[in-house]
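One letter stands for each residue in the lines below.
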Amino acid sequence: MPKPTPMPEPRPSLPRAADYLAPELARRIEILEHDGDAGDFDSASWFWLVLFGVVTPAALLLWGWWA
Amino acid sequence: MGLVGLSAEADTSAWPLLPAERDWGAWRLAIALATAAAATWCYIIGEYAGYYLNFAQGAAALTAGCMIGILLAFMAAGPTCARFGIDSVASTKPQFGVRGWIIPAAMQLISIVGWNSLLLIFGAKSAAQLLLALGAMPAGYGARELVPAATLIACAIIYLTLLRGATGVTKVSNVLAAHVPIGFWMLYLLVSRRWPELRLAQPVMASPDRLWNYTTGVEIGITSTMSWWPYIGAMIRMAPNVRTAVVPVMLGMGASIPLLSLIGLAGILVLKTSDPAEWLRSVGGPTYAVIALIFVSVANFGTAITGIYSSAIGLRNFAALERVSWSTLLLITIAPVALVGALIPELFFARFGAFLAFLGVAFAPLCGIQIADYFVLRARHVDIRAIYSRDPAAPYRSVGGVNPAALLALALGCAAYLKLLNPLTYTSSGPYRFLTASLPAAATAAVCYILLTRLLGGRVAGARLRQPRGPE
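Residues numbered from 1 in each chain as written. Chains lettered and ligands numbered in written order. Predicted model: local features only at pLDDT ≥ 70, side-chain atom pairs only at ≥ 80, totals over all residues. Heavy atoms only, no water.

K.L.:
Lay out the overall build of chain A in plain terms, naming residues and giving numbers.
P.N.:
Each helix and strand counted, chain A has two helices and zero strands in total. By the burial criterion, 36% of the 67 residues in chain A qualify as buried. Surface accessibility of chain A: about 4,200 Å² in total, with carbon and sulfur atoms responsible for 71%. (Helix = DSSP H or I, 4+ residues; strand = E, 2+ residues; numbered from the N terminus. Buried < 20%, exposed > 50% of the residue type's maximum accessible area, 1.4 Å probe, protein only. Areas by Shrake-Rupley, 256 points an atom, 1.4 Å probe, with all protein chains shown as cover.)

Right, dumping it as C-alpha cells:
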C-alpha cells in the first residue's frame, strides 16, 4: 500500500500583527512548536489499540453469535 | 497527587497545556475516565440492547460495539488532543477551519447539555426516592416535587467543585471512583441470584431476523461511546502523551461502560426495569435499594462534573468567551442544564429518544472526518499555531474560515447514516444488518472528505500546498 502523501504544513513563524495572540498563549505555542509535541502512537500503542479495539470486539462478536 | 505544574489560567482555558502541566499518569487517567463513564446512561444503554437481545448476546454485542466506538472516538480526537494538550473542539480546527469548528462545538454542547440534564434529573429523582425511603421527606411531598430543587442543588455543588478547574475533577474522581466497584457488585448480585431466569429471558422487541438484532446491539454500543468524543479530549489533554492514554481510554472507558451497561441489560430482561434503584429492592430488600439510590446519585454526580468541565473548556474556544472569568463561564455552562432540570424534567425524559438519535447521526461522520484528516491527508502533521491563529492567511483558514470539504463530508456522512437506519423508529434498509449504520457513516464521511479535499485543493481544505513543510 503506497504511503500517503502528507499535506504540507507551513514552517512555524513569528506571529504577525494580524495574527495577534495573547502573550501567554503565544508563549505556550512557541514552546510546543519547538519541543512540546508529545509525540504520536508508538508500536506498543498500536498493539493495544488493535487488541482492544479490533481483536477483542471481533472475538466477542464471534462468541456472542454462537452463545 | 495534585496538579502542581498546572497554572489556574491553563486549567480553565482552551489553551494548549505544556508538557510539564500534563501530569496525569495511566492510573489516574483510567480512574477519571471510569468515574466519568459510569453513570445512569449505562443502564439506559443496557436497557435498549435488552429490547432486542438476550443476556449473552447483548453482553457480547454491547461490549464489542462500545470498544469499537471508543476506538474510533479516540483515534479521531485523541492524537491531536494528547500531543498538544488541547480539547476535542480545538482539535477540529484543522478539518473544519478556524470558524467552521463552531459546528462540532455546537454538537458537543448539545451532547453534553443533554447527557448532563439526563444525569442530574435522574440523580435528583434517585435522591428524592432515597429521602422517601429513609422517611426524611415531609408529608405530602413526592419525588416529582423534589426533582427541580434537587437538580438545582446538584448544579450548585458542581459549580462550587469546578471553581477549582480540573483540580476539582481530579479530587472528585479520586473519591467517587469507589462507586464503580459498587456497580459491579450490583451486577454480581443480580446475575448470581437470578441466573436461571436471566439465562432464559427473551427480549420483548426482538426482530425475527437474528442478525438484525445482533447488529442493533453493536450499533447501540458504537453510538453511545462515540458520543464520548468531547470527554475524551478534555480528559486526555491532561496525560503527558497519547501513548499513556491508550490503555486507560480503551479499558477505563471502553470496558467500564459496557460492563456497567450489563446492569441495565440484566434488569430489563429479568425484572423489566433497568433502574437498579427499583430492581435492587425486589432482589435484596430496602437496604440494597438505599445502596443503589446512593450509587446512582453519586455516579451521576461524578460524570456530570466531568461533563460540565469539558463543556466549559469547549466554550472557551469562542472569542466572546475567551476572556470571561472561569466562574462566569461555569455559570453559562451550567445554566441550560439547571433550566432543563428545574423547568422541564419530565418533558426532557419523554424526548430522550430523539436526543440519542442525534448522537448517533452526528458523531460517527465527525470521527470519520478527523481520522481521515489526521492519518491520511495530513499524515499526522498538525500545526498548533494555525489552530489558534486569527491571521486571514493562516493555514486552517480555508474559505472564510470554513472548510467546505468537511461540511459536505459531514452532511453526506449524516445522510448515509439516515439512509441505513432511522434512529427514531429503528427501521433499517440496505446493508445495515451486516455493517451497522455508524461504521458506514464514518467511512462515507472519511472517503468523501478525502475526495473533496483532493478535488477542491489543499488551499481550500486548509493546508497550503505551495509552501514546503519545515523540518520536524
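K.L.:
Describe the overall build of chain B, listing the residues and the values that go with them.
P.N.:
A tally of regular secondary structure across chain B gives 23 helices and two strands. Here chain B, with 472 residues, has 66% of them falling under the buried criterion. The long-range fraction of contacts in chain B, counting pairs at least 24 apart against all pairs at least 6 apart in sequence, stands at 84%. As displayed, chain B has an accessible area near 15,800 Å², and 68% of this comes from carbon and sulfur atoms. (Contact = heavy atoms within 4.5 Å.)

K.L.:
Residues and numbers for the packing of helix 15 (residues 286-315) of chain B against helix 16 (residues 326-343) of chain B, please.
P.N.:
Residues and elements named next belong to chain B. Orientation of helix 15 relative to helix 16, taken along the N-to-C sense of each, is 120°, at an axis distance of 9 Å. Relative to helix 16, helix 15 is oriented oblique. The interaxial crossing formed by helix 15 with helix 16 has right-handed handedness. Contacts between helix 15 and helix 16 involve I308, Y309, S311, A312, I313 and L315 on the former and, on the latter, W326, L329, L330, I332, T333, I334 and V337. Its residues placed into classes, the contact of helix 15 with helix 16 shows 11 nonpolar, two polar and no charged. (Axes fitted to C-alpha atoms, helices over the stretch in contact; angles between N-to-C directions. Parallel < 35°, antiparallel > 145°, perpendicular 65-115°, else oblique. Left-handed = near helix turned anticlockwise from the far one by under 90°. Nonpolar A, V, L, I, M, F, W, Y, C, P; charged D, E, K, R; others polar.)

K.L.:
How would you explain unusual backbone geometry if you had to name every residue and give the values?
P.N.:
Residue and element names in this part refer to chain B. Even without a glycine there, the phi angle at A379 is positive, about 45°. Structurally, A379 is set in the loop between helix 18 (352-377) and helix 19 (384-388). Its relative accessible area of 21% is what places A379 among the partly exposed residues. Although it is not a glycine, R380 adopts a positive phi angle of roughly 75°. If you trace the backbone, R380 turns up in the loop between helix 18 and helix 19.

K.L.:
Any chance you could break down the packing of aromatic side chains for me, citing the residues and the numbers?
P.N.:
Applying the stated criterion to the full structure yields 17 aromatic pairs over all chains. Considering the side-chain rings of W228 of chain B and Y231 of chain B, the 4.3 Å spacing of their centres and the 50° angle between planes classify their relative orientation as tilted. Neither W228 of chain B nor Y231 of chain B differs from the other in exposure class; each is buried. An aromatic cluster of three or more residues is present, and its members are F41 and W46 of chain A together with F74, Y374 and F375 of chain B. The aromatic ring of Y388 of chain B is capped on one face by K93 of chain B, whose charged end is 5.2 Å from the ring centroid. Above the ring of W65 of chain A, the side-chain terminus of R210 of chain B is found at 4.1 Å from the ring centroid. (Phe/Tyr/Trp six-rings, centres within 6.5 Å; stacked < 30°, edge-to-face > 60°. Lys NZ or Arg CZ within 6 Å of the ring centre and 35° of its normal.)

K.L.:
Describe the pattern of salt bridges, naming the residues involved and giving the relevant values.
P.N.:
All names here are of chain B. This model, assessed by the stated rule, comprises 10 salt bridges over all chains. Residue R194 is joined to E197 by a salt bridge in which the shortest nitrogen-to-oxygen separation is 3.6 Å. Residue R194 and its partner E197 are located together in helix 9 (residues 179-200), separated by three residues, close to a single helical turn. A relative accessible area of 19% means that R194 is categorised as buried. (Salt bridge = Lys/Arg side-chain N within 4 Å of Asp/Glu carboxyl O.)

K.L.:
Explain the state of the cysteines to me, using residue names and the numbers behind them.
P.N.:
Residue and element names in this part refer to chain B. The tally for this structure, following the rule as stated, stands at zero disulfides over all chains. Summary of cysteine pairing: C42 is not part of a disulfide, and the nearest cysteine sulfur, belonging to C66, is at 8.1 Å. In this structure C448 is not part of a disulfide, and its nearest cysteine sulfur, from C414, lies 11 Å away. Owing to a relative accessible area of 18%, C448 belongs among the buried residues under this scheme. (Disulfide = S-S within 2.5 Å.)

K.L.:
Please provide a residue-by-residue account of helix 10 (residues 210-226) of chain B, values included.
P.N.:
In an α-helix, one turn spans 3.6 residues, which is why side chains three or four residues apart end up on the same side. Residues and elements named next belong to chain B. Between its first and last C-alpha, helix 10 extends 25 Å over 17 residues, near the 24 Å set by a 1.5 Å rise per residue. The element helix 10 is largely enclosed, with a buried count of 15 among its 17 residues. Two or three places before L211, at the opening of helix 10, D209 has a side-chain oxygen 3.0 Å from that residue's backbone nitrogen. (Expected span 1.5 Å × (residues − 1). Polar contact = N/O pair within 3.5 Å; in protein donor to acceptor, adjacent residues only side chain to side chain.)

K.L.:
Please give an account of the nonpolar core that cites residues and values.
P.N.:
Ranked by size, the top nonpolar core spans 163 residues in total, and within it W41, F74, I158, W228, I236, M253 and Y388 of chain B carry the most contacts. Element by element, the count of residues in this core is highest for helix 4 (residues 55-84) of chain B, at 19 residues. (Core = buried A, V, L, I, M, F, W, Y, C linked by side-chain atoms within 4.5 Å.)

K.L.:
Please give an account of the side chain of D373 of chain B that cites residues and values.
P.N.:
Residues and elements named next belong to chain B. Considering the arrangement of structural elements, one finds D373 in helix 18. Of the polar contacts made by the side chain of D373, one reaches the side chain of Y449; its length is 2.7 Å. Setting aside chain neighbours within four positions, we find D373 in contact with P94, Q95, R378, A379 and Y449.

K.L.:
How would you explain a nonpolar patch on the surface if you had to name every residue and give the values?
P.N.:
Residues and elements named next belong to chain B. There is a patch of nonpolar side chains on the surface, built from L339, L343, I344 and L347 and spanning about 390 Å² of accessible area. In this fold, L343 is placed in helix 16. A residue is classified by how much of its surface remains accessible, and L343, at 63% relative accessible area, is exposed. (Patch = residues over 30% accessible without salt bridge, like charges linked within 9 Å, V, L, I, M, F, W, Y side chains within 5 Å.)

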